[in-house]
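# Geometric and topological summary
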Amino acid sequence: MDGEVDHYAVLGLPSGEEGAKLSEKEIKKAYKLKALELHPDKRPDDPNAHDNFQKLTTSYAILNDEKARKLLDDLLRVKREKFQRQSQQDSKRRKMMSDLEERERNAFAPDPSLRAREEEERIARKLKEEIARIRAMSRNKGSATTTPPKKDTAARGRNNTDGGGSGRGLDKGKVLKVSWEKTGEDYTAQRLREIFEEFGVVEDVVIKSSKKKGSALVVMGSKDAAVAATGNVLGDLSNPLLVLPLEPASSPVSFGVEANVETDGPKLSNLVGAGYQAFEESVLEKLKKAAQRQK
């Protein structure tokens, strides 16, 4: 169709606003050059040579006619404006699709509160590992002063809550009174033995428990081991141990399975390792501040 043909392009001329400014002389010159190129005599082997030359002649006739050329320029201008509108619409459509995809991604993105909770749990795990490392270092320092050989005392470390055990005269200076609340991890005789063996030989562990509170007597192999344990043992963070010497006197004391672990003694005034616990709390506070800065 003639309305679909850009007659400027047929003559090898620029169209649009630049084509509308061309003079008749420039159009005629372009036609002559193109006619020499497309003349059928120049293309004896081209079956379309005649049709192409006819199209060239028609395009030149249209551009050479003032009225026809004006209509052609108007038609080309309308097509350009239509193309620009479509391009703008396509751009808007692409932006709408991009916005929709962004909303969908946000809808399925992880909940920020969930990420914060996971980060908090991760930092808490790291903190627990760090505290365990610091506590181990403290235990090693405490046990460096007393390193007696360990004996096989597993049979005597069983939980003696149901009876069984022999009464023996012991030095009260080697006996520790241990208590804990039953709000976190509970302690067995074996667990207490493992904790206190870091400071020396444990001769015996006698446990007496109630529903709300657990207590035990731990007999160390020496007074030095008892002193070292009194200054360092903490137990589990969720349920720390309260460790005190049974009494400062050195006279022997006899107790068996029915020994009352809640025997009258000095008032429980301080948690063991209170200064070290304050150090742990300062480490915890620093790690919390670091986590807040990361958020």
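What you see as residue numbers is a count from 1 along each chain, following the sequence as written. Given that this is a predicted model, residues contribute local features only at a pLDDT of at least 70 and side-chain atom pairs are listed and counted only at 80 or more, while totals for whole chains, interfaces and linings are drawn from all residues. With hydrogens and water set aside, each side-chain value is computed from the structure's full complement of heavy atoms.

An unreviewed UniProt entry lists the protein under the name DNAJ heat shock N-terminal domain-containing protein, with Forsythia ovata given as the organism.

Here is the rule: rings of Phe, Tyr and Trp (six-membered ring for Trp) pair when centre to centre is within 6.5 Å. Planes less than 30 degrees apart are stacked, more than 60 are edge-to-face, and the remainder are tilted. Under the counting rule described, the total for this entry stands at one aromatic pair. Aromatic pair Tyr31 and Tyr60: ring centres 4.2 Å apart, planes at 15°, arrangement stacked. Taken as a pair, Tyr31 in helix α3 (residues 24-38) and Tyr60 in helix α4 (residues 49-64) lie far apart in primary sequence, 29 residues in all. Only protein chains enter the calculation, and the probe is 1.4 Å; a residue is then buried if its accessible area is under 20% of its type maximum, exposed if over 50%, and partly exposed in between. Tyr31 gets classed as buried once you look at its relative accessible area, which sits at 16%. The class of Tyr60 is buried, set by a relative accessible area of 15%. A run of H or I in DSSP becomes a helix once it reaches four residues, and a run of E becomes a strand once it reaches two; helices and strands are each numbered from the N terminus.

Right, let's talk about the pattern of salt bridges for a bit. Here, a salt bridge means any Lys or Arg side-chain nitrogen found within 4 Å of an Asp or Glu carboxyl oxygen. If you walk through the whole model with that rule in mind, you get twelve salt bridges. Arg105 serves as the salt-bridge partner of Glu102, at 2.4 Å between the closest nitrogen and oxygen. Linking Glu102 with Arg105, this pair stays in helix α5 (residues 66-108), spanning three residues, or about one helical turn. For Glu102, a relative accessible area of 36% puts it in the partly exposed group. The class for Arg105 is partly exposed, based on a relative accessible area of 48%. Taken together, the salt bridges that share partners define one network made up of Lys70, Asp74, Arg77 and Glu81.

Two elements in contact, α3 and α4, have axes separated by 10 Å at closest approach and are oriented at 175°. The pairing of α3 with α4 is recorded here as roughly antiparallel in orientation. Here α3 contributes Ile27, Lys28, Tyr31, Lys34, Ala35 and Leu38 to the contact with α4, which in turn contributes Ala49, Asn52, Phe53, Leu56, Thr57, Tyr60 and Leu63. Gly counts as polar in this scheme, as do all residues outside two lists: the nonpolar Ala, Val, Leu, Ile, Met, Phe, Trp, Tyr, Cys and Pro, and the charged Asp, Glu, Lys and Arg. The residue inventory of the contact of α3 with α4, partitioned by class, reads nine nonpolar, two polar and two charged. Axes here refer to lines fitted to C-alpha atoms; in helices the fit is confined to the stretch in contact. Angles between the N-to-C directions go from 0 to 180 degrees. By the definition adopted for this analysis, an angle is roughly parallel if under 35 degrees, roughly antiparallel if over 145, roughly perpendicular if from 65 to 115, and oblique otherwise. Whether two residues are in contact is decided by their heavy atoms: any pair within 4.5 Å suffices.

On to the confidence of the model for the protein, then. How sure the predictor is of each residue is captured by pLDDT, a score from 0 to 100. Averaged over every residue, the pLDDT of the protein is 78; the share at 70 or more is 73%. Low confidence marks residues 152-167, where pLDDT is under 50. Its contacts with residues over four positions away, or in another chain, come to 30 contacts. Throughout residues 249-273 the model reports pLDDT below 50, and contacts reaching past four residues in sequence, or to other chains, amount to 63 contacts.

Formed by 21 residues in total, the largest nonpolar core has its most connected members in Leu176, Leu192, Phe196, Val218, Met220 and Leu241. Counting residues per element, the ones that place at least two in this core are β2 (175-181), α7 (189-196), β3 (202-209), β4 (213-220) and α8 (223-230). If we ignore the near neighbours within four places in the chain, the residues touching Val218 are Lys174, Val175, Leu176, Val178, Phe196, Val202, Asp204 and Val205. The criterion is simple. A nonpolar core is a set of buried Ala, Val, Leu, Ile, Met, Phe, Trp, Tyr and Cys residues joined through side-chain atoms within 4.5 Å. Core analysis: the next-biggest nonpolar cluster, separate from the first, contains 16 residues, Leu13, Ile27, Phe53 and Leu63 among them.

What follows covers the packing of α4 against α5. The geometry of α4 relative to α5 is characterised by a closest axis approach of 5 Å and an angle of 95° between their N-to-C directions. In this view, α4 runs roughly perpendicular relative to α5, as classed from their interaxial angle. Here Ile62, Leu63 and Asn64 of α4 come into contact with α5, specifically with Glu66, Ala68, Arg69 and Leu72. Considered class by class, the residues forming the contact of α4 with α5 number four nonpolar, one polar and two charged.

Before going further, it helps to examine the environment of Pro14. By secondary structure assignment, the location of Pro14 is in the loop between α1 (7-10) and α2 (16-20). On the basis of relative accessibility, which here comes to 32%, the residue Pro14 falls in the partly exposed class.

This part is about α3. Quick reminder: α-helices carry 3.6 residues per turn. Residues three or four places apart thus point the same way. For α3, spanning 15 residues, the distance from its first C-alpha to its last is 21 Å, which sits close to the expected 21 Å at 1.5 Å a residue. Those residues of α3 that fall on the buried side of the exposure criterion are Ile27, Ala30, Tyr31, Ala35 and Leu38. Taken around the axis of α3, the buried residues stretch over an arc of 135°, which confines them to a single face. In α3, the exposed positions angled more than 90 degrees off the buried face are occupied by Lys25, Lys29, Leu33 and Leu36. Summarising the contacts, the buried residues of α3 are in contact with α4 and α5. Any helix carries an expected span of 1.5 Å times its number of residues minus one. Relevant arc is that of directions from the helix axis to the C-beta atoms, nothing else.

This brings us to the pairing of β2. Among the seven residues of β2, six are classified as buried, and the element is accordingly described as predominantly covered. As defined by bridge partners, β2 adjoins β4 across seven bridges and the pair is classed as antiparallel. Within β4, the residue paired with Trp180 across the bridge is Gly214. As paired strands, β2 and strand β7 (residues 242-245) are joined by four bridges and run antiparallel to one another. Residue pairing across strands places Val178 opposite Val243, the latter belonging to β7. Strand pairing requires that DSSP identify at least two bridges connecting the strands.

This part is about α8. Of the positions making up α8, those classed as buried are Ala225, Ala226, Ala228 and Ala229. Buried positions in α8, seen along its axis, are confined to an arc of 165° and lie on one side of it. Relative to its buried face, α8 has exposed residues pointing more than 90 degrees away, namely Asp224 and Val227.

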